[in-house]
Amino acid sequence: GNTKGIFQLESRLGQHNAKLLKPSNLKELAALIAIIRPGAMEATLEDGKNITTHFINRKNGLEEPTCEFPILEPILKDTYNLLIYQESSLKIANKIAGFTLEESEVLRKAVGRKKPEIMTKVEGQFIEGCKKIGLVSEQEAKGIFAWIAASVRYQFNLSHSILYGVNTYLSAYAKAHFKYAFFTSYLFYAKDKQDKFDEIKGLVTNAKQMSIDIDPPSFKHCNKHFEHVNDHIYFGISDVKGIGESTYKNV
């Protein structure tokens, strides 16, 4: 949960769910980024628990990763039989309804727009495709289509999640192994945040938790912004509340 400054996970929501999920590889890290988005947090299954809670419980062995439609398990095994990503819907349509990837993309867009006339047409194509492939019954086909239609509002993009996960890992690695450089950089760019001083306060507090002291401004070094010198991070003179760029120039 020590994720202050970690890409995509520095919010309290990110910190909290990172502790619960305990991601141990890139796939789990990517999934964490997807399941803490509003759609997954708001979407619930029949038991009233949201998708985020189910994913965390299944990853930690607290509930069985059951699948309402066993035919889909090969596609959904990496997400504990939960429909998390848009790409999973595309693969499902391809496998059981014979949709090309291009036709699957039309399905995704149609469901996302929720236009009744388009939905009816695409659902008909999906059901007919399932009949031709013959892997599921018509009733199962209707159930799977309804599941895709209901879940599309919280599905995130897998390719984005993976790329975000890589950046999340890199920033976490930097914080763990190059902590002075990490905090110096984040403190420097706190000036671009909406509430600069709250951001600085949070970073300084977190640095102290990691046994890093942020030293007061030093007229010896006379550094304009936060600076790392010999295992010390000095507070920037122009970063002191009430002192700005113009005052610094007169020091």
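As shown above, the structure is provided for reference.
All of the points below concern the structure found in this document. This structure is a prediction, so every number in the text was calculated from the model and none was measured. (Residues numbered from 1 in each chain as written. Predicted model: local features only at pLDDT ≥ 70, side-chain atom pairs only at ≥ 80, totals over all residues. Heavy atoms only, no water.)

As a further point, take the side chain of E199. Summarising the element assignment, E199 is placed in helix 12 (residues 196-209). Look past the residues within four positions of E199 in its chain and what remains in contact with it is K4, E10, A190 and K193. (Helix = DSSP H or I, 4+ residues; strand = E, 2+ residues; numbered from the N terminus. Contact = heavy atoms within 4.5 Å.)

The next thing to look at is helix 10 (residues 158-177). For helix 10, built from 20 residues, the straight-helix expectation of 28 Å at 1.5 Å per residue is met to within 8% by its first-to-last C-alpha distance of 28 Å. All buried positions along helix 10 are accounted for by S161, G165, T168, S171 and K175. Take helix 10 and look down its axis: the buried residues cluster within an arc of 135°, on one side only. Summarising the geometry of helix 10, the exposed residues directed more than 90 degrees from the buried face are L163 and H177. Buried residues in helix 10 make contact with helix 2 (26-35), helix 11 (179-188) and helix 12. (Expected span 1.5 Å × (residues − 1). Buried < 20%, exposed > 50% of the residue type's maximum accessible area, 1.4 Å probe, protein only. Arc of directions from axis to C-beta.)

In this structure, the largest pocket occupies an estimated 470 Å³ of space. Lining the largest pocket are 21 residues, with T44, L45, E46, E68 and W147 positioned closest to its centre. At the level of secondary structure, the elements contributing two or more residues to the lining of the largest pocket comprise helix 4 (51-59) and helix 9 (138-151). Broken down by element, the residue count for the lining of the largest pocket peaks at four residues, all from helix 9. Taken together, the residues that form the lining of the largest pocket break down as nine nonpolar, six polar and six charged. (1 Å grid on protein atoms, 1.4 Å probe; cavity = no way out; pocket = protein on both sides within 12 Å on 5 of 7 lines; lining within 4 Å. Points joined across faces, edges and corners; volume = space filled by probe spheres on them. Nonpolar A, V, L, I, M, F, W, Y, C, P; charged D, E, K, R; others polar.)

Let us now look at the nonpolar core. F55, I84, F183, L187, I214 and I233 are the most contacted members of the largest nonpolar core, which has 37 residues in total. Looking at this core, the element that brings in the most residues is helix 2, giving six residues. Setting aside residues up to four positions removed in sequence, F183 forms contacts with K175, L203, N206, A207, M210, I212 and I233. F69, L107, W147 and A149 belong to the second largest nonpolar core, which has 27 residues in total. (Core = buried A, V, L, I, M, F, W, Y, C linked by side-chain atoms within 4.5 Å.)

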